[in-house]
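# Per-entry structural report
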Amino acid sequence: MSRSAPTPLSEILAYLNDIGYGEIYRRSRPVAIAAPPAAPELTVPVRPPMPTPALSTPAAPAAGAGLRLAEMESLAAAAAACTRCRLAEGRKSVVFGSGHPDADLMLIGEGPGAEEDRQGLPFVGPAGELLTKILQAIGLTREEVYIANVVKCRPPGNRDPQPDEVQACRGYLERQIALVQPKLLVALGRIAAHALLGTESPIGQIRGRWHQVQGVPTMVTYHPAALLRNQALKRPTWEDMQQVRDRLRAG
Ligand code: URA
């Protein structure tokens, strides 16, 4: 996967200032900083797995990137015609996913809002603008990552997706993860974390730690929309995303 030019220092400083790091000092000489002890991977209580609905795409992992891309396209076409749950009734678009189909990092949100429903793309409203800045702050562009949601159709009035709607859409998300084969996943917010981890633990207890989803190390952090409502969540989110950046860089 190609990397873009580094984010200008001025943009990173503006973002850090925005999230509460008001004073940043330049060191006169390099100082050795001991790495913080690695946070233990959390074992969360897991609900008994519910059967995944069979989708019309093959279940076996496709080998090459070309085959995976072709399968992703047929999966998107299947989703575009999906009527598995009531969310199909009110949608303008099916918001399947966007970004690099071979990305090292895949981020998963809750479900489309009004702007996403209008444009057919994930995270293009106000929360999406903040997500773009967060990604820039860890040296990534949206084109380099893959972004998807737990449910692909907008829940009316931006309500939480219901468990049966999450379940109806689960096969698409699981297959997207299998096809992208990311090195790391990020679950954005409670709904995504609960759907991916099969837990109902409060987000405050499961964020900032590494979990495993389909064999992929997965960081849970706050949803960008929550950061827009509560500035105090910006700093812990930045700390979570620094862990993501460091683990990506470590390969
Ligand atoms: N919130 C989400 O969880 N996903 C989107 O695509 C937009 C807002």
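To be clear, the structure that these remarks concern was listed above.
So, a few notes on the structure that sits alongside this text.

## Notes on the nonpolar core
Among the nonpolar cores identified, the biggest contains 60 residues, and Leu-105, Met-106, Leu-107, Ile-108, Ile-177 and Val-244 are the most heavily contacted of them. When residues of this core are assigned to their parent elements, the largest contribution, 7 residues, is made by helix H6 (residues 163–180). Look past the residues within four positions of Ile-108 in its chain and what remains in contact with it is Ala-148, Asn-149, Val-150, Leu-173, Ile-177, Leu-185, Val-186, Ala-187, Leu-188, Ala-192 and Leu-196.

## Re the environment of Val-220
Within the secondary structure layout, Val-220 lies in strand E6 (residues 216–221). On the basis of relative accessibility, which here comes to 0%, the residue Val-220 falls in the buried class. Separated by 16 residues in the primary sequence, Val-220 and Gly-204 have C-alpha atoms spaced 9.6 Å apart. Setting aside its immediate chain neighbours within four residues, Val-220 contacts Ala-187, Ala-193, Leu-197, Ile-203, Ile-206, Arg-207, Gly-208, Arg-209, His-211 and Asp-240.

## Let's talk about the pairing of strand E4 (residues 184–188)
A large share of E4 lies buried, amounting to 5 of its 5 residues. Going residue by residue along E4, you find Leu-184, Val-186 and Leu-188 tucked away on one face and Leu-185 and Ala-187 tucked away on the opposite face as well. Direction of pairing for strand E2 (residues 105–109) relative to E4: parallel, over a ladder of 4 bridges. Within E4, the position partnered with Met-106 by the bridge is Leu-185. Pairing analysis gives 4 bridges linking E4 to E6, with the strands arranged parallel. Each residue of the ladder has a partner; that of Ala-187, found in E6, is Val-220.

## Considerations on the sheet that holds strand E1 (residues 98–99)
What holds strands together in a sheet is hydrogen bonding between their backbones, with the strands either parallel or antiparallel. Read from one edge of the open sheet, 6 strands run E1-E3-E2-E4-E6-E5, paired in mixed fashion. A strand with exactly one partner marks an edge of an open sheet, and here the two such strands are E1 and strand E5 (210–213). Its contacts with the sheet place helix H10 (residues 234–250) against E2, E4, E5 and E6, and it is angled at close to 160 degrees to E6.

## Regarding the pairing of E5
Pairing geometry for E5 and E6, over 4 bridges, is antiparallel. Bridge pairing links Val-213 to Val-216 in E6. Counted along the chain from E5 to the antiparallel partner E6, the turn is 2 residues long, and its residue Gln-214 has a positive phi close to 50 degrees.

## Overview of the environment of Val-216
If you trace the backbone, Val-216 turns up in strand E6. A relative accessible area of 9% means that Val-216 is categorised as buried.

## Let's talk about the site of the ligand
Taken together, Gly-109, Glu-110, Gly-111, Glu-116, Pro-122, Phe-123, Asn-149 and His-223 make up the full set of residues near the ligand. Contacts to the ligand include Phe-123, whose backbone N or O atom sits 2.9 Å from an oxygen atom. Contact distances for the ligand include 2.8 Å between a nitrogen atom and a side-chain N or O atom of Asn-149. Comparing atom positions with the cavity grids shows the ligand to sit within the largest pocket.

## A few points about the pattern of salt bridges
Pairing of side chains with opposite charge becomes possible as their charged atoms draw close. Evaluation of the coordinates by the stated rule reveals 10 salt bridges. Between Glu-71 and Arg-175 there is a salt bridge, with its nearest N and O atoms 2.7 Å apart. With Glu-71 in helix H2 (residues 65–80) and Arg-175 in helix H6, this pair connects stretches of sequence that are 104 residues apart. What makes Glu-71 buried here is its relative accessible area of 7%. For Arg-207, the salt bridge identified is with Asp-240, shortest N-O distance 2.7 Å. In this pair, Arg-207 sits in the loop between helix H8 (203–206) and E5 while Asp-240 sits in helix H10, placing the two residues 33 residues apart along the sequence. Connected via shared salt-bridge partners are Arg-86, Arg-159, Asp-164 and Glu-165.

## Topic: helix H5 (residues 126–137)
Counting along an α-helix, one turn takes 3.6 residues, and residues three or four places apart therefore face a common direction. Relative to the 16 Å expected for 12 residues at 1.5 Å per residue, H5 spans 17 Å between its end C-alpha atoms, a close match to the ideal helical length. For H5, the set of buried residues is Ala-127, Gly-128, Leu-130, Leu-131, Ile-134, Leu-135 and Ala-137. Positive phi appears at Gly-139, one or two residues downstream of H5, with a value of about 85 degrees.

What counts, and where the lines are drawn
Residues numbered from 1 in each chain as written. Predicted model: local features only at pLDDT ≥ 70, side-chain atom pairs only at ≥ 80, totals over all residues. Heavy atoms only, no water. Core = buried A, V, L, I, M, F, W, Y, C linked by side-chain atoms within 4.5 Å. Buried < 20%, exposed > 50% of the residue type's maximum accessible area, 1.4 Å probe, protein only. Helix = DSSP H or I, 4+ residues; strand = E, 2+ residues; numbered from the N terminus. Contact = heavy atoms within 4.5 Å. Pairing = 2+ DSSP bridges. Axes fitted to C-alpha atoms, helices over the stretch in contact; angles between N-to-C directions. Near = heavy atom within 4 Å. Polar contact = N/O pair within 3.5 Å; in protein donor to acceptor, adjacent residues only side chain to side chain. 1 Å grid on protein atoms, 1.4 Å probe; cavity = no way out; pocket = protein on both sides within 12 Å on 5 of 7 lines; lining within 4 Å. Sits in = over half its atoms within 2 Å of the grid points. Salt bridge = Lys/Arg side-chain N within 4 Å of Asp/Glu carboxyl O. Expected span 1.5 Å × (residues − 1).

By themselves, these are just geometric observations and shouldn't be taken as functional.
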